[in-house]
Amino acid sequence: MCNQEIFDASERPKDECGIFGLYRHPEAAQITYFGLYALQHRGQESAGISVNRGINDKIFSHKGMGLVHDIFNMEDLARIEGGSAIGHVRYSTTGDSVITNAQPFVANHRHRSYAVAHNGNLVNAHTLKEELEESGSIFQTTMDSEVFLHLFIKNLIKGDIETAVLNTVSKIKGAYSMVLLTCKGEVIGIKDPNGFRPLALGKLNGHYVLASETCAFDLIQAEFIRELEPGEIVIINEDGIRSIQHPKAAVHKSLCIFEYIYFARPDSTIDGKNVYQMRKALGKRLAQEAPVEADLVMPFPDSGNYAAIGYAKESGIPFEMGMIRNHYVGRSFIQPTQSMRDFAVRVKLNPVREVIKGKEIIIIEDSIIRGTTAKTRVKALRELGAKKIHMRVCCPPHKNPCYYGIDFSSKGELIAAQMPLAELTEYLGLDSLHYLSVEGMLEASGVENPELNFCKACFDGDYPVPFDPNFSKQCMG
(Lines give C-alpha, C1' and ligand atoms only; values in the text may rest on other atoms or scores of the structure.)
Protein backbone atom coordinates (compact mmCIF):
# COMPACT_ATOMS: atom_id res chain seq x y z
CA MET A 1 0.00 0.00 0.00
CA CYS A 2 2.14 2.89 -1.07
CA ASN A 3 2.66 6.15 -2.83
CA GLN A 4 1.41 9.67 -3.22
CA GLU A 5 -2.11 10.73 -4.19
CA ILE A 6 -4.10 7.68 -5.39
CA PHE A 7 -1.93 5.29 -3.41
CA ASP A 8 -0.44 7.36 -0.60
CA ALA A 9 1.50 5.40 2.02
CA SER A 10 0.94 8.13 4.61
CA GLU A 11 -2.82 7.66 4.28
CA ARG A 12 -3.02 3.95 5.03
CA PRO A 13 -3.08 2.89 8.69
CA LYS A 14 -0.09 0.84 9.75
CA ASP A 15 0.39 -1.78 12.41
CA GLU A 16 3.67 -1.95 14.25
CA CYS A 17 5.16 -5.35 13.45
CA GLY A 18 5.07 -9.02 12.67
CA ILE A 19 6.93 -11.55 14.82
CA PHE A 20 8.07 -15.14 14.38
CA GLY A 21 9.87 -17.70 16.53
CA LEU A 22 11.10 -21.27 15.99
CA TYR A 23 12.62 -23.65 18.55
CA ARG A 24 15.56 -25.92 17.67
CA HIS A 25 15.29 -26.62 13.96
CA PRO A 26 18.24 -27.47 11.68
CA GLU A 27 17.14 -24.77 9.20
CA ALA A 28 15.89 -22.22 11.72
CA ALA A 29 17.16 -19.10 9.94
CA GLN A 30 15.82 -20.10 6.52
CA ILE A 31 12.39 -21.02 7.89
CA THR A 32 12.23 -17.79 9.88
CA TYR A 33 13.02 -15.91 6.66
CA PHE A 34 9.98 -17.46 4.97
CA GLY A 35 7.86 -16.82 8.06
CA LEU A 36 8.77 -13.13 7.88
CA TYR A 37 8.09 -13.12 4.16
CA ALA A 38 4.51 -14.20 4.91
CA LEU A 39 4.22 -11.46 7.55
CA GLN A 40 5.70 -8.69 5.37
CA HIS A 41 2.35 -6.86 5.21
CA ARG A 42 2.67 -6.08 8.94
CA GLY A 43 5.80 -3.96 8.53
CA GLN A 44 7.96 -2.80 5.64
CA GLU A 45 10.50 -0.49 7.28
CA SER A 46 13.02 -3.02 8.57
CA ALA A 47 13.45 -6.72 9.29
CA GLY A 48 15.78 -8.93 11.26
CA ILE A 49 16.52 -12.49 12.38
CA SER A 50 18.36 -13.55 15.54
CA VAL A 51 19.56 -17.10 16.14
CA ASN A 52 21.08 -19.13 18.95
CA ARG A 53 23.37 -21.97 17.90
CA GLY A 54 23.54 -23.89 21.14
CA ILE A 55 23.11 -23.87 24.91
CA ASN A 56 24.88 -20.91 26.56
CA ASP A 57 25.96 -19.67 23.15
CA LYS A 58 25.84 -16.12 21.80
CA ILE A 59 22.96 -14.84 19.71
CA PHE A 60 23.83 -13.88 16.15
CA SER A 61 21.70 -11.42 14.19
CA HIS A 62 21.25 -10.00 10.73
CA LYS A 63 19.09 -6.89 10.33
CA GLY A 64 18.49 -4.23 7.73
CA MET A 65 16.20 -1.48 6.46
CA GLY A 66 13.61 -2.34 3.83
CA LEU A 67 11.79 -5.49 2.75
CA VAL A 68 12.66 -9.03 3.77
CA HIS A 69 13.81 -10.15 0.32
CA ASP A 70 16.10 -7.10 0.04
CA ILE A 71 17.77 -7.68 3.41
CA PHE A 72 18.58 -11.40 3.33
CA ASN A 73 20.30 -13.65 0.83
CA MET A 74 21.36 -17.29 1.13
CA GLU A 75 24.85 -16.32 2.33
CA ASP A 76 23.37 -14.16 5.10
CA LEU A 77 21.09 -16.97 6.23
CA ALA A 78 23.90 -19.54 6.17
CA ARG A 79 26.10 -17.21 8.25
CA ILE A 80 23.52 -16.90 11.04
CA GLU A 81 22.16 -20.45 10.92
CA GLY A 82 21.35 -21.79 14.34
CA GLY A 83 19.14 -24.08 16.35
CA SER A 84 16.54 -21.53 17.58
CA ALA A 85 15.52 -18.30 15.90
CA ILE A 86 13.21 -15.32 16.22
CA GLY A 87 12.39 -12.78 13.54
CA HIS A 88 10.71 -9.40 13.13
CA VAL A 89 9.30 -7.09 10.46
CA ARG A 90 8.78 -3.52 11.65
CA TYR A 91 6.70 -0.46 11.11
CA SER A 92 7.59 2.16 13.70
CA THR A 93 4.90 3.45 16.04
CA THR A 94 7.37 4.19 18.85
CA GLY A 95 10.86 5.34 17.88
CA ASP A 96 12.40 6.48 14.61
CA SER A 97 12.66 4.37 11.47
CA VAL A 98 16.43 3.80 11.62
CA ILE A 99 18.64 0.71 11.61
CA THR A 100 19.37 1.14 15.34
CA ASN A 101 15.69 0.48 16.03
CA ALA A 102 15.45 -2.56 13.79
CA GLN A 103 14.49 -5.70 15.69
CA PRO A 104 15.03 -8.25 17.14
CA PHE A 105 16.77 -6.20 19.82
CA VAL A 106 19.71 -8.05 21.37
CA ALA A 107 21.32 -7.40 24.76
CA ASN A 108 24.51 -8.98 26.14
CA HIS A 109 24.90 -9.36 29.88
CA ARG A 110 27.58 -11.31 31.76
CA HIS A 111 28.65 -13.15 28.60
CA ARG A 112 25.07 -14.17 27.82
CA SER A 113 22.77 -12.91 25.06
CA TYR A 114 19.01 -12.32 24.95
CA ALA A 115 16.86 -11.08 22.06
CA VAL A 116 13.28 -9.84 21.81
CA ALA A 117 10.87 -9.11 18.96
CA HIS A 118 7.75 -7.11 19.82
CA ASN A 119 4.42 -6.23 18.19
CA GLY A 120 2.43 -3.50 19.92
CA ASN A 121 3.06 -0.43 22.09
CA LEU A 122 4.05 -0.18 25.76
CA VAL A 123 2.15 2.86 26.98
CA ASN A 124 4.29 3.28 30.12
CA ALA A 125 7.65 2.68 28.40
CA HIS A 126 8.77 6.29 28.71
CA THR A 127 8.30 6.39 32.49
CA LEU A 128 9.95 2.98 32.92
CA LYS A 129 12.87 4.17 30.82
CA GLU A 130 13.38 7.16 33.13
CA GLU A 131 13.41 4.85 36.17
CA LEU A 132 15.87 2.48 34.51
CA GLU A 133 18.20 5.30 33.46
CA GLU A 134 18.21 6.66 36.99
CA SER A 135 19.40 3.25 38.19
CA GLY A 136 22.20 3.15 35.62
CA SER A 137 20.74 1.55 32.49
CA ILE A 138 22.11 2.81 29.17
CA PHE A 139 19.75 2.69 26.20
CA GLN A 140 20.88 2.08 22.63
CA THR A 141 17.55 2.75 20.85
CA THR A 142 14.40 4.86 21.03
CA MET A 143 12.15 1.77 21.05
CA ASP A 144 9.74 0.82 23.80
CA SER A 145 10.79 -2.80 23.22
CA GLU A 146 14.25 -2.15 24.69
CA VAL A 147 12.62 -1.30 28.03
CA PHE A 148 11.30 -4.85 28.24
CA LEU A 149 14.76 -6.38 27.80
CA HIS A 150 16.39 -4.08 30.37
CA LEU A 151 13.73 -5.00 32.92
CA PHE A 152 14.00 -8.70 32.05
CA ILE A 153 17.77 -8.82 32.60
CA LYS A 154 17.48 -6.93 35.89
CA ASN A 155 14.88 -9.45 37.06
CA LEU A 156 16.94 -12.36 35.74
CA ILE A 157 19.75 -11.45 38.11
CA LYS A 158 17.36 -12.14 40.98
CA GLY A 159 15.83 -15.40 39.75
CA ASP A 160 15.19 -17.92 36.99
CA ILE A 161 13.78 -17.31 33.49
CA GLU A 162 10.15 -17.90 34.45
CA THR A 163 10.29 -15.60 37.46
CA ALA A 164 12.12 -12.92 35.47
CA VAL A 165 9.46 -12.94 32.74
CA LEU A 166 6.61 -12.78 35.25
CA ASN A 167 8.21 -9.93 37.19
CA THR A 168 8.89 -8.03 33.95
CA VAL A 169 5.39 -8.27 32.49
CA SER A 170 3.94 -7.19 35.83
CA LYS A 171 5.65 -3.80 35.28
CA ILE A 172 4.84 -3.10 31.63
CA LYS A 173 1.47 -1.84 30.36
CA GLY A 174 -0.11 -1.67 26.94
CA ALA A 175 -0.21 -3.91 23.89
CA TYR A 176 2.45 -6.55 23.47
CA SER A 177 2.82 -9.83 21.71
CA MET A 178 6.48 -10.82 21.97
CA VAL A 179 8.91 -13.60 21.23
CA LEU A 180 12.00 -13.83 23.43
CA LEU A 181 15.13 -15.83 22.61
CA THR A 182 17.47 -16.75 25.47
CA CYS A 183 21.13 -17.70 25.61
CA LYS A 184 20.07 -21.32 26.17
CA GLY A 185 18.08 -21.32 22.96
CA GLU A 186 14.70 -21.16 24.70
CA VAL A 187 11.92 -19.44 22.76
CA ILE A 188 9.29 -17.67 24.85
CA GLY A 189 5.99 -16.30 23.56
CA ILE A 190 4.30 -13.55 25.57
CA LYS A 191 0.87 -12.00 25.13
CA ASP A 192 -0.47 -9.07 27.14
CA PRO A 193 -3.47 -9.62 29.48
CA ASN A 194 -5.86 -7.86 27.05
CA GLY A 195 -4.67 -9.80 24.01
CA PHE A 196 -4.48 -6.72 21.76
CA ARG A 197 -2.25 -8.29 19.10
CA PRO A 198 -2.47 -11.83 17.69
CA LEU A 199 0.08 -14.57 18.41
CA ALA A 200 -0.38 -18.18 17.32
CA LEU A 201 1.34 -21.44 18.23
CA GLY A 202 2.15 -24.13 15.68
CA LYS A 203 4.34 -27.15 15.09
CA LEU A 204 6.71 -27.94 12.21
CA ASN A 205 7.94 -31.55 12.09
CA GLY A 206 7.94 -31.71 15.88
CA HIS A 207 9.43 -28.22 16.39
CA TYR A 208 7.28 -25.54 18.04
CA VAL A 209 6.79 -22.28 16.16
CA LEU A 210 5.18 -18.93 17.03
CA ALA A 211 3.88 -16.32 14.57
CA SER A 212 1.73 -13.20 14.49
CA GLU A 213 -0.58 -14.81 11.93
CA THR A 214 -1.45 -18.29 10.72
CA CYS A 215 -0.60 -17.38 7.11
CA ALA A 216 3.05 -17.82 8.14
CA PHE A 217 2.29 -21.41 9.16
CA ASP A 218 0.69 -22.07 5.78
CA LEU A 219 3.83 -21.00 3.93
CA ILE A 220 6.23 -23.13 5.97
CA GLN A 221 3.68 -25.99 6.15
CA ALA A 222 3.44 -25.95 9.93
CA GLU A 223 0.46 -27.33 11.81
CA PHE A 224 -1.62 -24.69 13.57
CA ILE A 225 -2.18 -25.67 17.21
CA ARG A 226 -3.94 -22.68 18.78
CA GLU A 227 -3.88 -18.98 19.56
CA LEU A 228 -2.15 -17.90 22.75
CA GLU A 229 -4.70 -16.72 25.28
CA PRO A 230 -4.59 -13.15 26.60
CA GLY A 231 -1.99 -12.99 29.36
CA GLU A 232 -0.48 -16.34 28.40
CA ILE A 233 3.27 -16.95 28.41
CA VAL A 234 4.62 -20.10 26.72
CA ILE A 235 8.16 -21.26 27.45
CA ILE A 236 9.59 -23.64 24.85
CA ASN A 237 12.78 -25.53 25.72
CA GLU A 238 14.30 -29.02 25.77
CA ASP A 239 11.63 -30.16 28.23
CA GLY A 240 8.85 -29.28 25.77
CA ILE A 241 6.36 -26.45 26.18
CA ARG A 242 5.04 -24.96 29.40
CA SER A 243 2.29 -22.36 29.76
CA ILE A 244 2.05 -19.85 32.60
CA GLN A 245 -0.25 -16.89 33.16
CA HIS A 246 0.35 -13.17 33.48
CA PRO A 247 0.15 -12.14 37.15
CA LYS A 248 -2.36 -9.36 36.41
CA ALA A 249 -5.51 -10.57 34.67
CA ALA A 250 -7.45 -8.14 32.46
CA VAL A 251 -11.15 -7.44 32.95
CA HIS A 252 -11.89 -8.71 29.44
CA LYS A 253 -10.22 -9.50 26.12
CA SER A 254 -9.39 -6.52 23.90
CA LEU A 255 -8.28 -7.95 20.55
CA CYS A 256 -7.84 -5.06 18.09
CA ILE A 257 -10.84 -5.36 15.77
CA PHE A 258 -8.87 -3.53 13.08
CA GLU A 259 -6.83 -6.71 12.63
CA TYR A 260 -9.92 -8.15 10.92
CA ILE A 261 -10.81 -4.99 9.04
CA TYR A 262 -7.39 -4.15 7.60
CA PHE A 263 -4.13 -5.40 9.14
CA ALA A 264 -4.21 -9.18 8.92
CA ARG A 265 -3.83 -11.09 5.69
CA PRO A 266 -7.20 -12.41 4.44
CA ASP A 267 -5.91 -15.99 4.47
CA SER A 268 -5.14 -15.81 8.21
CA THR A 269 -7.37 -17.06 11.00
CA ILE A 270 -7.40 -15.01 14.20
CA ASP A 271 -9.13 -16.11 17.36
CA GLY A 272 -11.02 -18.77 15.43
CA LYS A 273 -12.32 -16.38 12.75
CA ASN A 274 -11.10 -16.39 9.15
CA VAL A 275 -10.20 -12.84 8.10
CA TYR A 276 -11.48 -13.24 4.52
CA GLN A 277 -14.90 -14.40 5.71
CA MET A 278 -15.04 -11.66 8.34
CA ARG A 279 -14.42 -8.96 5.73
CA LYS A 280 -17.12 -10.39 3.47
CA ALA A 281 -19.51 -10.32 6.44
CA LEU A 282 -18.65 -6.66 7.10
CA GLY A 283 -19.42 -5.86 3.45
CA LYS A 284 -22.71 -7.76 3.64
CA ARG A 285 -23.78 -5.82 6.73
CA LEU A 286 -22.73 -2.55 5.04
CA ALA A 287 -25.04 -3.35 2.11
CA GLN A 288 -27.89 -3.90 4.56
CA GLU A 289 -27.24 -0.63 6.38
CA ALA A 290 -26.54 1.58 3.37
CA PRO A 291 -28.17 0.36 0.16
CA VAL A 292 -27.95 2.58 -2.91
CA GLU A 293 -28.72 2.11 -6.61
CA ALA A 294 -25.65 1.84 -8.80
CA ASP A 295 -24.20 0.04 -11.82
CA LEU A 296 -21.28 -1.59 -10.05
CA VAL A 297 -19.43 -2.17 -6.79
CA MET A 298 -15.64 -1.75 -6.83
CA PRO A 299 -12.70 -1.54 -4.43
CA PHE A 300 -9.37 0.17 -4.91
CA PRO A 301 -6.95 -2.77 -4.87
CA ASP A 302 -6.21 -4.13 -2.42
CA SER A 303 -8.12 -1.92 -0.04
CA GLY A 304 -11.67 -3.13 0.55
CA ASN A 305 -11.49 -6.07 -1.89
CA TYR A 306 -13.18 -8.65 0.29
CA ALA A 307 -15.76 -6.35 1.86
CA ALA A 308 -16.67 -5.32 -1.69
CA ILE A 309 -17.35 -8.95 -2.55
CA GLY A 310 -19.70 -9.17 0.43
CA TYR A 311 -21.43 -5.90 -0.46
CA ALA A 312 -21.93 -6.93 -4.09
CA LYS A 313 -23.31 -10.34 -3.22
CA GLU A 314 -25.78 -8.97 -0.68
CA SER A 315 -26.91 -6.02 -2.84
CA GLY A 316 -27.09 -7.94 -6.12
CA ILE A 317 -25.03 -5.21 -7.81
CA PRO A 318 -22.20 -6.53 -10.01
CA PHE A 319 -18.67 -6.57 -8.57
CA GLU A 320 -16.06 -5.08 -10.89
CA MET A 321 -12.36 -4.29 -10.67
CA GLY A 322 -12.44 -0.74 -12.01
CA MET A 323 -8.80 -0.20 -11.08
CA ILE A 324 -5.98 -2.63 -11.77
CA ARG A 325 -2.97 -2.70 -9.47
CA ASN A 326 0.56 -3.35 -10.69
CA HIS A 327 1.96 -5.79 -8.10
CA TYR A 328 5.52 -5.56 -9.37
CA VAL A 329 6.34 -2.05 -8.22
CA GLY A 330 8.19 -1.73 -4.92
CA ARG A 331 8.58 1.13 -2.50
CA SER A 332 11.84 2.16 -4.19
CA PHE A 333 9.86 3.46 -7.16
CA ILE A 334 8.81 6.55 -5.17
CA GLN A 335 10.57 9.61 -6.56
CA PRO A 336 11.01 13.08 -5.02
CA THR A 337 9.84 15.30 -7.90
CA GLN A 338 6.21 16.00 -8.71
CA SER A 339 6.52 14.73 -12.28
CA MET A 340 7.95 11.44 -11.04
CA ARG A 341 5.20 11.16 -8.42
CA ASP A 342 2.64 11.43 -11.20
CA PHE A 343 4.30 8.53 -12.99
CA ALA A 344 4.33 6.56 -9.73
CA VAL A 345 0.58 7.04 -9.33
CA ARG A 346 -0.11 5.71 -12.80
CA VAL A 347 2.29 2.79 -12.62
CA LYS A 348 0.74 1.47 -9.42
CA LEU A 349 -2.96 1.78 -10.32
CA ASN A 350 -4.48 2.00 -13.76
CA PRO A 351 -8.20 2.41 -14.50
CA VAL A 352 -10.33 0.21 -16.73
CA ARG A 353 -11.95 3.19 -18.42
CA GLU A 354 -14.73 1.19 -20.07
CA VAL A 355 -15.87 -0.04 -16.66
CA ILE A 356 -16.00 3.45 -15.12
CA LYS A 357 -17.12 5.90 -17.81
CA GLY A 358 -20.78 6.91 -17.55
CA LYS A 359 -21.42 4.55 -14.61
CA GLU A 360 -22.85 5.02 -11.14
CA ILE A 361 -20.24 3.51 -8.83
CA ILE A 362 -20.11 2.26 -5.26
CA ILE A 363 -16.56 2.31 -3.87
CA ILE A 364 -15.91 0.05 -0.88
CA GLU A 365 -13.11 1.21 1.40
CA ASP A 366 -11.76 -0.46 4.53
CA SER A 367 -11.21 2.91 6.25
CA ILE A 368 -10.70 6.64 5.78
CA ILE A 369 -7.91 7.99 7.97
CA ARG A 370 -6.60 11.36 6.78
CA GLY A 371 -8.80 11.67 3.70
CA THR A 372 -6.14 12.82 1.23
CA THR A 373 -6.03 9.56 -0.71
CA ALA A 374 -9.81 9.15 -0.82
CA LYS A 375 -10.25 12.70 -2.13
CA THR A 376 -7.73 12.17 -4.95
CA ARG A 377 -9.20 8.79 -5.86
CA VAL A 378 -12.69 10.28 -6.21
CA LYS A 379 -11.33 13.16 -8.30
CA ALA A 380 -9.62 10.66 -10.61
CA LEU A 381 -12.86 8.72 -11.10
CA ARG A 382 -14.73 11.94 -11.93
CA GLU A 383 -12.12 12.76 -14.57
CA LEU A 384 -12.62 9.29 -16.05
CA GLY A 385 -16.31 10.03 -16.54
CA ALA A 386 -17.99 8.36 -13.56
CA LYS A 387 -21.59 9.57 -13.39
CA LYS A 388 -22.15 9.16 -9.64
CA ILE A 389 -19.76 8.03 -6.89
CA HIS A 390 -20.95 6.59 -3.60
CA MET A 391 -18.50 5.49 -0.94
CA ARG A 392 -19.19 2.84 1.68
CA VAL A 393 -16.67 2.21 4.47
CA CYS A 394 -16.66 -1.18 6.19
CA CYS A 395 -15.89 0.17 9.66
CA PRO A 396 -17.09 3.11 11.77
CA PRO A 397 -15.37 6.51 11.46
CA HIS A 398 -11.94 6.79 13.10
CA LYS A 399 -12.36 9.60 15.60
CA ASN A 400 -9.81 8.70 18.29
CA PRO A 401 -6.04 8.10 18.22
CA CYS A 402 -4.57 4.67 18.90
CA TYR A 403 -1.98 4.12 21.61
CA TYR A 404 -1.70 0.35 21.22
CA GLY A 405 0.28 -0.05 17.99
CA ILE A 406 -1.36 1.81 15.10
CA ASP A 407 0.32 4.88 13.67
CA PHE A 408 -2.41 7.50 14.11
CA SER A 409 -1.53 8.87 17.54
CA SER A 410 -3.26 12.27 17.43
CA LYS A 411 -6.86 13.29 16.85
CA GLY A 412 -5.76 15.96 14.37
CA GLU A 413 -4.66 13.24 11.93
CA LEU A 414 -8.19 11.80 11.70
CA ILE A 415 -10.45 13.56 9.23
CA ALA A 416 -13.66 12.03 10.65
CA ALA A 417 -12.85 13.73 13.97
CA GLN A 418 -12.55 17.10 12.21
CA MET A 419 -15.64 17.11 9.95
CA PRO A 420 -19.28 16.05 10.29
CA LEU A 421 -20.47 13.47 7.76
CA ALA A 422 -22.16 15.93 5.39
CA GLU A 423 -19.10 18.18 5.25
CA LEU A 424 -16.79 15.20 4.74
CA THR A 425 -18.98 13.91 1.91
CA GLU A 426 -18.70 17.25 0.14
CA TYR A 427 -14.95 17.54 0.84
CA LEU A 428 -14.29 14.13 -0.72
CA GLY A 429 -16.42 14.99 -3.76
CA LEU A 430 -18.90 12.14 -3.21
CA ASP A 431 -22.59 11.82 -4.00
CA SER A 432 -23.03 9.88 -0.75
CA LEU A 433 -20.92 8.46 2.08
CA HIS A 434 -21.79 5.89 4.73
CA TYR A 435 -19.73 4.24 7.45
CA LEU A 436 -20.63 0.90 8.99
CA SER A 437 -22.12 1.37 12.46
CA VAL A 438 -20.33 0.11 15.57
CA GLU A 439 -23.29 -2.18 16.24
CA GLY A 440 -23.22 -3.50 12.70
CA MET A 441 -19.49 -4.12 12.86
CA LEU A 442 -19.77 -6.07 16.12
CA GLU A 443 -22.74 -8.13 14.94
CA ALA A 444 -21.04 -8.93 11.64
CA SER A 445 -18.02 -10.29 13.53
CA GLY A 446 -20.06 -13.32 14.57
CA VAL A 447 -18.27 -13.30 17.93
CA GLU A 448 -20.24 -14.08 21.07
CA ASN A 449 -20.42 -11.03 23.36
CA PRO A 450 -18.31 -8.88 20.98
CA GLU A 451 -18.44 -5.88 23.34
CA LEU A 452 -16.31 -7.93 25.74
CA ASN A 453 -13.86 -9.25 23.15
CA PHE A 454 -12.59 -6.34 21.08
CA CYS A 455 -10.69 -3.09 21.45
CA LYS A 456 -12.51 -0.49 19.36
CA ALA A 457 -11.10 2.62 21.03
CA CYS A 458 -10.30 4.29 17.70
CA PHE A 459 -14.05 4.26 17.00
CA ASP A 460 -15.67 4.87 20.39
CA GLY A 461 -12.88 6.29 22.61
CA ASP A 462 -13.19 3.49 25.18
CA TYR A 463 -9.54 2.68 25.98
CA PRO A 464 -9.05 -0.67 27.76
CA VAL A 465 -5.65 0.27 29.26
CA PRO A 466 -5.03 3.74 30.76
CA PHE A 467 -2.19 5.76 29.23
CA ASP A 468 -0.25 8.97 29.74
CA PRO A 469 -1.78 11.64 27.44
CA ASN A 470 1.79 12.80 26.70
CA PHE A 471 2.63 9.39 25.19
CA SER A 472 3.66 9.73 21.54
CA LYS A 473 5.79 8.09 18.85
CA GLN A 474 8.78 10.24 19.83
CA CYS A 475 8.41 10.02 23.62
CA MET A 476 11.34 7.59 23.91
CA GLY A 477 13.80 9.92 22.17
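This text follows the structure it describes.
Numbering of residues begins from 1 in every chain and follows the order in which that chain's sequence is written. Thresholds applied to this predicted model are a pLDDT of at least 70 for local features of residues and 80 or more for the giving and counting of side-chain atom pairs; totals over whole chains, interfaces and linings are not thresholded and use all residues. With hydrogens and water stripped out, all remaining heavy atoms of the structure feed into the side-chain values.

## With respect to the overall build of the protein chain
Strands here are runs of E lasting at least two residues and helices are runs of H or I lasting at least four, both read from the DSSP assignment and numbered beginning at the N terminus. Within the protein chain one finds 17 helices and 23 strands. Note on classification: 1.4 Å probe, protein chains only; a residue is buried when its accessible area is under 20% of the maximum for its type, exposed when over 50%, partly exposed between these limits. Within the protein chain, buried positions represent 59% of all 477 residues. Sequence-distant contacts, at least 24 apart, represent 70% of the contacts inside the protein chain between residues at least 6 apart. Each accessible area is a Shrake-Rupley result for a 1.4 Å probe, and residues are judged covered by the shown protein chains and nothing else. With an accessible surface of roughly 18700 Å², the protein chain has 50% of that area assigned to carbon and sulfur atoms. Residues are treated as being in contact if the distance between any of their heavy atoms lies within 4.5 Å.

## Examining the packing of aromatic side chains
Aromatic pairing here means that ring centres of Phe, Tyr or Trp (its six-membered ring) are within 6.5 Å. Orientation follows from the plane angle: under 30 degrees is stacked, over 60 is edge-to-face, and everything else is tilted. Here the structure, examined in full by the defined rule, presents 17 aromatic pairs. Here a set of aromatic residues connected by ring pairs shows up, and it is made of F196, Y403, Y404, Y463 and F467. Sitting over a ring, as applied to charges here, requires NZ of Lys or CZ of Arg to be within 6 Å of the ring centre and within 35 degrees of the ring normal. Over the face of the ring belonging to F60 we find R53, whose NZ or CZ atom lies 4.0 Å from the ring centre. Just above the ring of Y427 sits the side chain of K375; from NZ or CZ to the centre is 4.3 Å.

## Describing the pattern of salt bridges
By definition, a salt bridge exists where a carboxyl oxygen of Asp or Glu is found within 4 Å of a side-chain nitrogen of Lys or Arg. Applying the stated rule across the entire model yields 19 salt bridges. For E213, the salt bridge identified is with R42, shortest N-O distance 2.7 Å. On the criterion of sequence distance, the pair formed by E213 in the loop between β10 (207–211) and α7 (215–220) and R42 in the loop between α1 (28–38) and β2 (46–52) is long-range, its members being 171 residues apart. On the basis of relative accessibility, which here comes to 2%, the residue R42 falls in the buried class. Each member of the salt-bridge network shares a partner with another, and the members are R42, R197, E213 and E259.

## Looking at helix α13 (residues 372–383)
Residues separated by three or four positions in an α-helix point in the same direction, a consequence of the helix having 3.6 residues per turn. Expected span, for any helix, means 1.5 Å times one less than how many residues it has. Look at α13: 17 Å from first C-alpha to last across twelve residues, which is about the 16 Å you get at 1.5 Å a residue. Looking at α13, one finds that the buried residues are T373, A374, R377, V378, A380 and L381. End-on view of α13: buried residues confined to an arc of 160°, all on one side of the axis. Opposite the buried face of α13, by more than 90 degrees, sit the exposed residues K379 and E383. What the arc measures is the spread of directions leading from the helix axis to the C-beta atoms.

## Some thoughts on unusual backbone geometry
Here the amide bond leading from Q103 into P104 is cis, since omega sits at 5°, within 30 degrees of zero. Inspection of the secondary structure assignment puts P104 in the loop between β4 (84–90) and β5 (105–109). In this structure, D302 follows P301 across a cis peptide bond, with omega equal to -5°.

## With respect to the packing of helix α9 (residues 275–289) against helix α10 (residues 305–315)
Axis lines are fitted through C-alpha atoms, for helices just across the contact stretch, and the angle between N-to-C directions can take any value from 0 to 180 degrees. Closest axis-to-axis distance for the α9/α10 pair is 6 Å, and the angle between their directions is 45°. As the angle between them shows, α9 and α10 are arranged oblique. Along this stretch, α9 crosses α10, giving a crossing that reads as right-handed. Residues Y276, R279, K280, G283, K284, L286, A287 and Q288 of α9 form the contact with α10, whose participating residues are Y306, A307, I309, G310, Y311, E314 and S315. For this scheme, ten residues count as nonpolar: Ala, Val, Leu, Ile, Met, Phe, Trp, Tyr, Cys and Pro. Four count as charged, namely Asp, Glu, Lys and Arg, and the remainder, Gly too, count as polar. Taken together, the residues of the contact of α9 with α10 break down into seven nonpolar, four polar and four charged. Should an angle fall under 35 degrees it is called roughly parallel, over 145 degrees roughly antiparallel, and 65 to 115 degrees roughly perpendicular, with every other angle called oblique. Note: crossing handedness is left-handed where the near helix turns anticlockwise from the far helix by less than a right angle, and right-handed where it turns clockwise.

## Observations regarding the side chain of T182
Looking at the element boundaries, T182 is found in the loop between β7 (174–181) and β8 (187–191). Judged by its relative accessible area of 1%, T182 is buried. A 3.5 Å cut-off defines polar contacts: any pair of N or O atoms within that distance qualifies, except that in protein one atom must be a possible hydrogen donor and the other a possible acceptor, and neighbouring residues in sequence count only when both atoms are side-chain atoms. Side chain to side chain, T182 and E186 meet in a polar contact 3.0 Å long. Setting aside anything within four residues of it in sequence, one finds T182 in contact with N52, I59, S113, Y114, I161 and I188.

## Description of the sheet that holds strand β22 (residues 432–435)
In this description, strands pair whenever DSSP reports at least two bridges between them. Taken in spatial order, the four strands of this open sheet run β17-β20-β21-β22, and their pairing is parallel. In this open sheet, the two edge strands, each paired with only one partner strand, are β17 (296–299) and β22. Adjacent strand axes in the sheet meet at a mean angle of 20°, parallel and antiparallel pairs treated alike. In terms of strand pairing, strand β20 (residues 360–365) meets strand β21 (residues 388–393) through six bridges, oriented parallel. Bridge pairing links I364 to R392 in β21. Relative to the sheet, α13 contacts β20 and β21, its axis offset from that of β21 by approximately 150°.

## Notes on the nonpolar core
Take the buried residues of types Ala, Val, Leu, Ile, Met, Phe, Trp, Tyr and Cys, join any two whose side-chain atoms come within 4.5 Å, and each joined set is a nonpolar core. With 70 residues, the main nonpolar core has F258, I261, L381, M391, Y404 and L433 as its most contacted residues. Excluding residues that lie within four positions of it along the chain, Y404 makes contacts with G120, N121, V123, A175, F196, R197, C455, Y463, P464, V465 and F467. Counting residues in each nonpolar core, the second largest holds 31 residues, with F105, F139, L156 and V169 among its members.

## Quick look at the packing of helix α4 (residues 125–134) against helix α5 (residues 145–158)
Interhelical geometry of α4 versus α5 gives an angle of 45° and a closest axis separation of 10 Å. Relative to α5, the element α4 lies oblique. Judged by the sense of rotation from one axis to the other, the crossing of α4 with α5 is left-handed. Contact residues: α4 offers A125, L128, K129 and L132, while α5 offers V147, H150, L151 and K154. Of the residues contributing to the contact of α4 with α5, the split by class is five nonpolar, one polar and two charged.

## Considering the side chain of D366
Position of D366 relative to the elements: it lies in the loop between β20 and α13. There is a polar contact of 2.9 Å between the side chain of D366 and the side chain of S303. A polar contact of 2.8 Å, which involves the side chain of D366, links it to the side chain of S367.

## Quick look at the environment of E354
By secondary structure assignment, the location of E354 is in helix α12 (residues 353–356). Note: C-alpha distance between E354 and L384 (30 residues apart in sequence) is 9.3 Å.

## Comments concerning the environment of D76
As for its position among the elements, D76 is in helix α3 (residues 74–79). Measuring from C-alpha to C-alpha, the distance between D76 and K63 comes to 9.9 Å, with 13 residues separating the pair along the chain. Excluding residues that lie within four positions of it along the chain, D76 makes contacts with H62 and I71.

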